[in-house]
Amino acid sequence: MDSTVLKVGSFINHQVDSDFMNELGKDFAEHFADYGITKVFTIESSGIAPALMAAKHLNVPMVILKKQTSKILDGEVYQTRVMSFTKGTSYELTLFAEFIDKDDRILLIDDFLANGEAATGAARLIREAGATLAGIGILIEKSFQKGRQRLEEAGYYVYSQAQIARLDTGVIEFVE
Ligand code: 5GP
């Protein structure tokens, strides 16, 4: 097994612990309470549960960015190509224009931060739409990969609920 991929199927990805998701959503809502968030964005599918809970606690809508296999040629959409960390293939990250306004201040929530491909793609779509990415909330940041640095260098604020310094077979070391 690839030792840089952590399996979380029992509580995040496949079976979902709703009480835990509610607590994570509450924590994001508290952390970003003063950021003027108007919408929570997430990337299908694993980010949906915590993002929905965060949106509920912030009392704002949640919008799902879709992973399409090909470009949509009609309709009002923003699309950008993103490389999937776990699958090694790419997809068209897709945002329907009707769900974003120029004055939106967006909190992006995702389950994992690895190399920052997904979040950087979402940031591109939000910028293209003329809105503001006010913050990024991550459940599990793998701090030994370059995602945080990449996002911070691009000027984005990242809040991670858990930070992993090292992963190996049977080993998870958290950042102190
Ligand atoms: P990035 O785009 O930052 O390189 O990778 C983040 C995306 O890849 C997340 O949306 C997540 O779905 C997936 N991902 C990255 N690392 C892991 C991992 O260790 N475990 C799981 N289950 N998904 C991961």
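Criteria and cut-off values
Residues numbered from 1 in each chain as written. Predicted model: local features only at pLDDT ≥ 70, side-chain atom pairs only at ≥ 80, totals over all residues. Heavy atoms only, no water. Near = heavy atom within 4 Å. Polar contact = N/O pair within 3.5 Å; in protein donor to acceptor, adjacent residues only side chain to side chain. Areas by Shrake-Rupley, 256 points an atom, 1.4 Å probe, with all protein chains shown as cover. Helix = DSSP H or I, 4+ residues; strand = E, 2+ residues; numbered from the N terminus. Expected span 1.5 Å × (residues − 1). Contact = heavy atoms within 4.5 Å. Axes fitted to C-alpha atoms, helices over the stretch in contact; angles between N-to-C directions. Parallel < 35°, antiparallel > 145°, perpendicular 65-115°, else oblique. Left-handed = near helix turned anticlockwise from the far one by under 90°. Nonpolar A, V, L, I, M, F, W, Y, C, P; charged D, E, K, R; others polar. Pairing = 2+ DSSP bridges.

Caption draft 1: Region of interest: the site of the ligand. The environment of the ligand is formed by 16 residues, the closest being Leu 6, Asp 110, Gly 116, Ala 118 and Lys 142. Between the ligand and Leu 6, the relevant distance is 2.8 Å, taken from an oxygen atom to a main-chain nitrogen or oxygen of the residue. Between an oxygen atom of the ligand and a main-chain N or O atom of Gly 116, the distance comes to 2.7 Å. Protein contact buries 91% of the 500 Å² of open area that the ligand shows by itself. Elements that contribute at least two residues to the shell around the ligand include exactly β5 (105-113) and α4 (117-128). It is β5 that contributes the most residues to the shell around the ligand, four residues altogether.

Caption draft 2: Structural view of helix α2 (residues 18-31). Taking 1.5 Å per residue as the helical rise, α2 with its 14 residues ought to reach 20 Å, and the 20 Å between its terminal C-alpha atoms agrees with that figure. If you follow the buried residues of α2, they end up packed against α1 (9-13), α3 (48-58), β5, β6 (132-142) and β7 (158-168). In this structure Asp 17 caps α2, since a side-chain oxygen of it lies 3.2 Å from the backbone nitrogen of Asp 19.

Caption draft 3: Main features of the packing of α2 against α3. With their axes 7 Å apart at the nearest point, α2 and α3 run at an angle of 50° to one another. What the angle tells us is that α2 and α3 run oblique. The handedness of the crossing between α2 and α3 is right-handed. Here Ser 18, Met 21, Asn 22, Gly 25, Lys 26, Phe 28 and Ala 29 of α2 come into contact with α3, specifically with Ala 49, Pro 50, Met 53, Ala 54, His 57 and Leu 58. Of the residues contributing to the contact of α2 with α3, the split by class is eight nonpolar, four polar and one charged.

Caption draft 4: The arrangement of the sheet that holds β6 in detail. On the basis of which strands lie adjacent, the open sheet formed by eight strands has the order β3-β4-β2-β1-β5-β6-β7-β8 and mixed pairing. Two strands lie at the open edges of the sheet, namely β3 (77-83) and β8 (171-174), each paired on one side alone. Averaged over all neighbouring strand pairs, the angle between strand axes comes to 30°, with direction disregarded. The sheet strands contacting α3 are β1 (39-43), β2 (62-68), β5 and β6, and the helix crosses β1 at an angle near 180°. Against the sheet, α4 contacts β1, β2, β3, β4 (90-96), β5 and β6, and its axis sits at roughly 160° relative to β3.

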